[in-house]
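Tertiary structure, described
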Amino acid sequence: MLTGANVVLPTGTVAGGRLAVDGRRIAAEPPAGAQAVDVTGHWLVPGFVDIHNHGGGGASFSGTADDILKAIGTHRAHGTTTLVASTVTDEMDLLVGQAGLLSELAEQGDIAGIHFEGPFISPCRKGAHSEKLLRDPEPAEVRKLIDAARGQARMVTLATELPGGIESVRLLAEHGVIAAIGHTDATYEQTVRAIDAGATVATHLFNAMPALGHRAPGPVAALLEDERVTVELINDGTHLHPAALELAFRHAGADRVAFITDAMDAAGIGDGRYMLGPLEVEVSEGVARLVEGGSIAGSTLTLDRAFQRAVTVDRLSVEDAVTALSANPARLLGLSDRIGSLEPGKDADLVLLDADFGLKGVMRRGEWLVAPQLA
């Protein structure tokens, strides 16, 4: 029984509230003999859910099973109790093989599925993806990855203006896989067609797509205006100017924003040289860039930092931050019945924050991964 905290519920924040845990789940009442832990002055929020994450702790989701588990552990220690493992552009045979490995870990419950970011993206907006390995999103090629994931594919990022793009969006929708528009050079009109075909997510909105223009509004306007679309945002202070983040929240509303990390190996580690797929990355002062060309190469973000920045720098309400970091991504994954909010019967996934929104504890499925630091 955790007592005295500001408990952020779907209906609002309860000051001086209490939260009971029985086994792996949140309980309506404390079990007999429950230990009381006084967390007065702290915040209790749902565990964070990251739908776009490439690695951390010096390891990536393109590596071995041990690498993958190391990356998962790094992000769990920063409050991400549920994550989707994202791949990067590589040879198709390697992606198929990696999908098989990741699907095993998804079946074990270590990850919530797989996000394929590339190779079906625009060479004009490739970002930190190898141009020579890109290919058009032909449905037969997309189907190879879906099949290799054995029911664990959750999202595929596509440049839907490329040959086969619209057909692949329809294919993904038919298989219950999120079609995400990203790394795209699409026009406004092309983006509208992709949304009408079934695309429902904007991969890191504003990044790796044409800027919003007054004569050529491009994908940003189409993605922001359509209520069927959830927009990913990387809130690290590097990928987005605060005014761009405010624009997205003001126009889309908190219920259509999902904060992500787009993290690479260096998350939770620090500066140095790393690999992102087949490309070398230099991390300096926490910013990751390709050694060749200097393009931003993912982030070193963890979701506890994204949360803290949201409420202290961006001045979002705590409730809106919880919606963007927990409730919305859980809904996208179809897991709202289990995670994403603090309600009886759901998994006891929670994050304990101090008065300044610094991380002080992480619980996943009723077990403390980071024991409460209350001194």
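Attention in this report is confined to the structure presented alongside it. (Residues numbered from 1 in each chain as written. Predicted model: local features only at pLDDT ≥ 70, side-chain atom pairs only at ≥ 80, totals over all residues. Heavy atoms only, no water.)

1. Looking at the packing of helix H2 (residues 92-107) against helix H3 (residues 139-148)
At their nearest, the axes of H2 and H3 sit 8 Å apart, and the two run at 25° to each other. One way to sum up the angle between H2 and H3 is to call them roughly parallel. Here Met92, Leu95, Val96, Ala99, Gly100 and Ser103 of H2 come into contact with H3, specifically with Glu141, Lys144, Leu145 and Ala148. Along the lines of polarity and charge, the residues of the contact of H2 with H3 split into 6 nonpolar, 2 polar and 2 charged. (Axes fitted to C-alpha atoms, helices over the stretch in contact; angles between N-to-C directions. Helix = DSSP H or I, 4+ residues; strand = E, 2+ residues; numbered from the N terminus. Parallel < 35°, antiparallel > 145°, perpendicular 65-115°, else oblique. Contact = heavy atoms within 4.5 Å. Nonpolar A, V, L, I, M, F, W, Y, C, P; charged D, E, K, R; others polar.)

2. Digging into empty space enclosed by the protein
According to the stated counting rule, one finds 2 cavities of 30 Å³ or more in the structure shown. One number sums up the size of the largest cavity: a volume of about 40 Å³. Considering the residues around the largest cavity, the lining is formed by Pro46, Gly47, Val49, Thr81, Ile339, Gly340, Ser341, Asp347 and Asp349. As a volume, the second largest cavity reaches approximately 30 Å³. Considering the residues around the second largest cavity, the lining is formed by Ile234, Asn235, Leu240, His241, Pro242, Leu245, Arg309 and Asp314. Per-class residue counts for the lining of the second largest cavity are 4 nonpolar, 2 polar and 2 charged. (1 Å grid on protein atoms, 1.4 Å probe; cavity = no way out; pocket = protein on both sides within 12 Å on 5 of 7 lines; lining within 4 Å. Points joined across faces, edges and corners; volume = space filled by probe spheres on them.)

3. Let's talk about H3
Among the residues making up H3, those that are buried are Glu141, Val142, Leu145, Ile146 and Ala148. Residues of H3 that are buried in the fold lie against H2, strand S10 (114-117), strand S11 (153-158) and helix H4 (165-174). Following H3 by one or two positions, Arg150 adopts a phi angle in the positive range, close to 50°. (Buried < 20%, exposed > 50% of the residue type's maximum accessible area, 1.4 Å probe, protein only.)

4. Some remarks on the sheet that holds strand S6 (residues 48-53)
Ordered in space as S6-S9-S10-S11-S12-S13-S14-S15, the 8 strands form an open sheet in which the pairing is parallel. Looking along the sheet, the strands with just one partner apiece sit at the ends: S6 and strand S15 (257-260). Summarising the sheet, strand S9 (residues 80-87) and S10 pair through 3 bridges and their orientation is parallel. Opposite Thr87, over in S10, you have Phe116 as the bridge partner. Of the strands in this sheet, S6, S9 and S15 touch helix H8 (residues 303-312), which is tilted by about 110° from S6. (Pairing = 2+ DSSP bridges.)

5. Structural notes on the layout of surface pockets
By volume, the largest pocket is sized at about 300 Å³. Along the wall of the largest pocket there are 20 residues; nearest its centre are Gly127, His183, Ala208, Ser295 and Ile296. Among the residues making up the lining of the largest pocket, the classes are represented as 8 nonpolar, 9 polar and 3 charged.

6. Notes on the pairing of strand S20 (residues 359-364)
Most of S20 sits inside the fold, with 5 of its 6 residues counted as buried. Both strand S19 (residues 350-353) and S20 contribute to a ladder of 4 bridges, which runs antiparallel. By the bridge assignment, Val351 is partnered in S20 with Val362. Hairpin remark: S19 followed by S20, antiparallel, with 5 residues in the connecting loop; positive phi at Phe357, about 70°. Across 3 bridges, S20 lies against strand S21 (residues 367-370) in antiparallel orientation. Looking at the pairing, Arg364 lines up with Glu367 of S21.

7. Topic: the sheet that holds strand S17 (residues 279-284)
Taken in spatial order, the 3 strands make up an open sheet running S16-S17-S18, and their pairing is antiparallel. Only two strands of the sheet have a single partner each, and these edge strands are strand S16 (272-276) and strand S18 (287-290). Averaged over all pairs of adjacent strands, the angle between their axes in this sheet comes to 35°, without regard to strand direction. Pairing geometry for S17 and S18, over 4 bridges, is antiparallel. By the bridge assignment for S18, Glu282 is matched with Arg289.

8. Regarding the packing of helix H5 (residues 188-197) against helix H6 (residues 218-225)
Running from N to C, H5 and H6 point in directions that differ by 40°, and their axes come no closer than 7 Å. Here the hand of the crossing between H5 and H6 comes out right-handed. Across the interface between the two elements, Tyr188, Thr191, Val192 and Ile195 of H5 pack against Gly218, Pro219, Ala221, Ala222, Leu223 and Glu225 of H6. Here the contact of H5 with H6 is built from residues that sort into 7 nonpolar, 2 polar and 1 charged. (Left-handed = near helix turned anticlockwise from the far one by under 90°.)

9. Focus: the packing of aromatic side chains
Applying the stated criterion across every chain, the model contains 4 aromatic pairs. Measuring from centroid to centroid gives 5.3 Å for Trp43 and Phe357, while their planes differ by 35°, and the two rings are tilted. One end of the pair, Trp43, is in strand S5 (residues 43-46); the other, Phe357, is in the loop between S19 and S20, with 314 residues separating them in the sequence. Judged by its relative accessible area of 16%, Trp43 falls in the buried class. For the pair Phe48 and Phe307, a centre-to-centre distance of 5.6 Å together with 25° between the ring planes defines the contact as stacked. Of this pair, Phe48 sits in strand S6 while Phe307 sits in helix H8, and the two are 259 residues apart along the sequence. (Phe/Tyr/Trp six-rings, centres within 6.5 Å; stacked < 30°, edge-to-face > 60°.)

10. Thoughts on helix H7 (residues 242-252)
Among the residues of H7, those classed as buried are Ala244, Leu245, Ala248, Phe249 and Ala252. Down the axis of H7, the smallest arc covering the buried residues is 135°, so these residues share one side. Among the structural elements, H6, strand S14 (230-234), S15 and helix H9 (318-332) are those in contact with the buried residues of H7. Residue Gly253 follows H7 closely and has a positive phi angle near 85°. (Arc of directions from axis to C-beta.)

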